[in-house]
Each structure stands twice: as structure tokens, then as C-alpha cells.
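# Descriptive analysis of the structure
As a plain string of letters, each chain reads:
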Amino acid sequence: MDLVRLIRHILLLVLAFILQTTWVHIFEVSGLKPDLVILVLLYIALAAGSFEATILGFWIGFIQDIDMPDNLGLNALVNSILGFSVGWGRMRITADSVPVQIVLIFAAVLVHDLIYYIGDSGIAWSDLPFFWLRYSLGRALYTSLIGALLSGGLILRRRFLPV
């Protein structure tokens, strides 16, 4: 594990969390906001693998839980599962393909929200399908759109500003 890369990933997750809790509400559409933390965690999982993504997913999830302690530990669990799953599966997919990344983001947000809603103590089991369909599909689509824009921007940056 490269220390510089790890520090960069930690800073990206912290920046995503800060933006998620302070600025993302500006981009809210019909009560839906993109999930920047999941987006960054997925890119870390694709770039670094399951071990780093699981550990960082746990810690950023724990920070999210401290921010909203109603279901303390649930974000840590769900982000750890998400980081591990995507990191483990990164060798089995063409992770450099933007369409694959978009589908992966969409599916990851849906799975994240489903697990979160199942574990949320404030949602009745009978309301679970409504919450999942009402909020998760829109969030998944919105987060995928932001992910596509970021992926496209990174591709353009690599093409025109090589390091």
C-alpha cells in the first residue's frame, strides 16, 4: 500500500464528506442529492482494491455515523461492504470503461441504500419498497450522472494534461 496514495484517498473521502454535508444540498432535485462519498469510495475500490476500500469505507462510514448517530455503525457497515465488494470484483470487470463505471455506480448506490434501509430502525418493513424505489433510484441515477461527468473530466485531463 503506497502511503502517498493512501493519504490522497483519505483526503478525497474527507473532501467528499465535507462537500456532502455542506454544499450538495444546493444541487438537490426533488429531494434527491448525489452521494459523493459513495462515488469516491467506488473509485478508491476500483483503483486500490478491497483491503484499502474496506478500511476507508469503514472509517468514512463511522464519520458519517457520528454526524448522524441515529443508526450508529450502519454507514460504517454498509460502506465497508460496498468497498470490499467493488474492490474484490474490480479484476473481474473492465473498470476503465466509463459505461461500466456508470452501471457500477448505479448498482452500488441501489445496493447501499437497500442495505441501509433494511438496517434503519426508523423505517417499517412495509415501507421499505417505497423508500427504496422513491429515493434510491433517483439517487442512483443522479450519482451515476455525476460519476459520468467526473470520469469524462478525468479522461480529458489525462489526455490533454499528461503528468
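## Some thoughts on the overall build of the protein chain
Tallying secondary structure elements over the protein chain gives six helices and zero strands in all. Counting from the amino terminus, helix and strand elements in the protein chain follow one another as α-α-α-α-α-α. Taken over C-alpha atoms, the radius of gyration comes to 15 Å for the protein chain, in line with the 15 Å a tight globule of 163 residues would show. Over its C-alpha atoms, taken along the principal directions, the protein chain stretches across nearly 50 × 35 × 30 Å.

## Section: helix 3 (residues 50-67)
The terminal C-alpha atoms of helix 3 lie 25 Å apart, and with 18 residues this matches the ideal 26 Å at 1.5 Å per residue to within 8%. When helix 3 is considered as a whole, its buried residues turn out to be Glu-52, Ala-53, Leu-56, Gly-57, Ile-60, Gly-61, Gln-64 and Asp-65. Looking at the packing, one finds that the buried side of helix 3 touches helix 1 (3-22), helix 2 (36-48) and helix 4 (74-89).

## So, the packing of helix 3 against helix 4
Between helix 3 and helix 4, the least distance of the axes is 7 Å, while the angle of their chain directions is 160°. Between helix 3 and helix 4, the angle is such that the two are roughly antiparallel. Seen along the crossing, helix 3 lies across helix 4 with a hand that is right-handed. For the pair helix 3 and helix 4, the contacting residues are Ser-50, Ala-53, Thr-54, Gly-57, Phe-58, Ile-60, Gly-61, Phe-62, Gln-64 and Asp-65 in the first and Leu-74, Asn-75, Ala-76, Asn-79, Ser-80, Gly-83, Phe-84, Gly-87 and Trp-88 in the second. Classifying every residue of the contact of helix 3 with helix 4 gives eight nonpolar, 10 polar and one charged.

## Let's talk about the pattern of salt bridges
Overall, the coordinates contain three salt bridges when judged by the stated rule. The salt bridge involving Asp-113 is made with Arg-139; its shortest N-O contact spans 2.7 Å. Note that Asp-113 is positioned in helix 5 (residues 98-119) and Arg-139 in helix 6 (residues 128-160), a separation of 26 residues in sequence.

## Observations regarding the side chain of Asn-79
Among the secondary structure elements, Asn-79 is positioned in helix 4. A polar contact of 3.4 Å, which involves the side chain of Asn-79, links it to the side chain of His-112. In this structure, Asn-79 is in contact with Val-37, Leu-41, Gly-57, Ile-60, Gly-61, Gln-64 and His-112, ignoring residues within four places of it in sequence.

## Section: the packing of aromatic side chains
Applying the stated criterion to the full structure yields seven aromatic pairs. Ring centres of Phe-58 and Trp-59 lie 5.2 Å apart, and the angle between their planes is 85°; this geometry places the pair in the edge-to-face category. Classification of Phe-58 by relative accessible area gives partly exposed; the value is 37%. On the numbers, 6.1 Å between centres and 90° between planes, the contact of Trp-59 with Phe-62 is edge-to-face. Here Trp-59 pairs with Phe-62, and both are found in helix 3, just three residues apart, close to one helical turn. Given the relative accessible area of 30%, Phe-62 is considered partly exposed. Taken together, the ring pairs in this structure connect Tyr-116, Tyr-117, Phe-130, Phe-131 and Tyr-135 into an aromatic cluster. The ring of Trp-88 carries Arg-92 above its face, with NZ or CZ at 4.0 Å from the centroid.

## Examining the nonpolar core
The biggest cluster of nonpolar side chains holds 28 residues, and the ones touching the most others in it are Leu-13, Val-37, Leu-42, Ile-44 and Val-86. Those elements that place two or more of their residues in this core are helix 1, helix 2, helix 3, helix 4 and helix 5. Of the residues forming this core, the biggest block, 11 residues, is contributed by helix 2. Counting six residues, the second-largest nonpolar core is a separate cluster that includes Leu-74, Tyr-116, Ile-123 and Leu-128.

Analysis parameters
Residues numbered from 1 in each chain as written. Predicted model: local features only at pLDDT ≥ 70, side-chain atom pairs only at ≥ 80, totals over all residues. Heavy atoms only, no water. Helix = DSSP H or I, 4+ residues; strand = E, 2+ residues; numbered from the N terminus. Rg over C-alpha atoms; globule rule 2.2 N^0.38 Å. Expected span 1.5 Å × (residues − 1). Buried < 20%, exposed > 50% of the residue type's maximum accessible area, 1.4 Å probe, protein only. Contact = heavy atoms within 4.5 Å. Axes fitted to C-alpha atoms, helices over the stretch in contact; angles between N-to-C directions. Parallel < 35°, antiparallel > 145°, perpendicular 65-115°, else oblique. Left-handed = near helix turned anticlockwise from the far one by under 90°. Nonpolar A, V, L, I, M, F, W, Y, C, P; charged D, E, K, R; others polar. Salt bridge = Lys/Arg side-chain N within 4 Å of Asp/Glu carboxyl O. Polar contact = N/O pair within 3.5 Å; in protein donor to acceptor, adjacent residues only side chain to side chain. Phe/Tyr/Trp six-rings, centres within 6.5 Å; stacked < 30°, edge-to-face > 60°. Lys NZ or Arg CZ within 6 Å of the ring centre and 35° of its normal. Core = buried A, V, L, I, M, F, W, Y, C linked by side-chain atoms within 4.5 Å.

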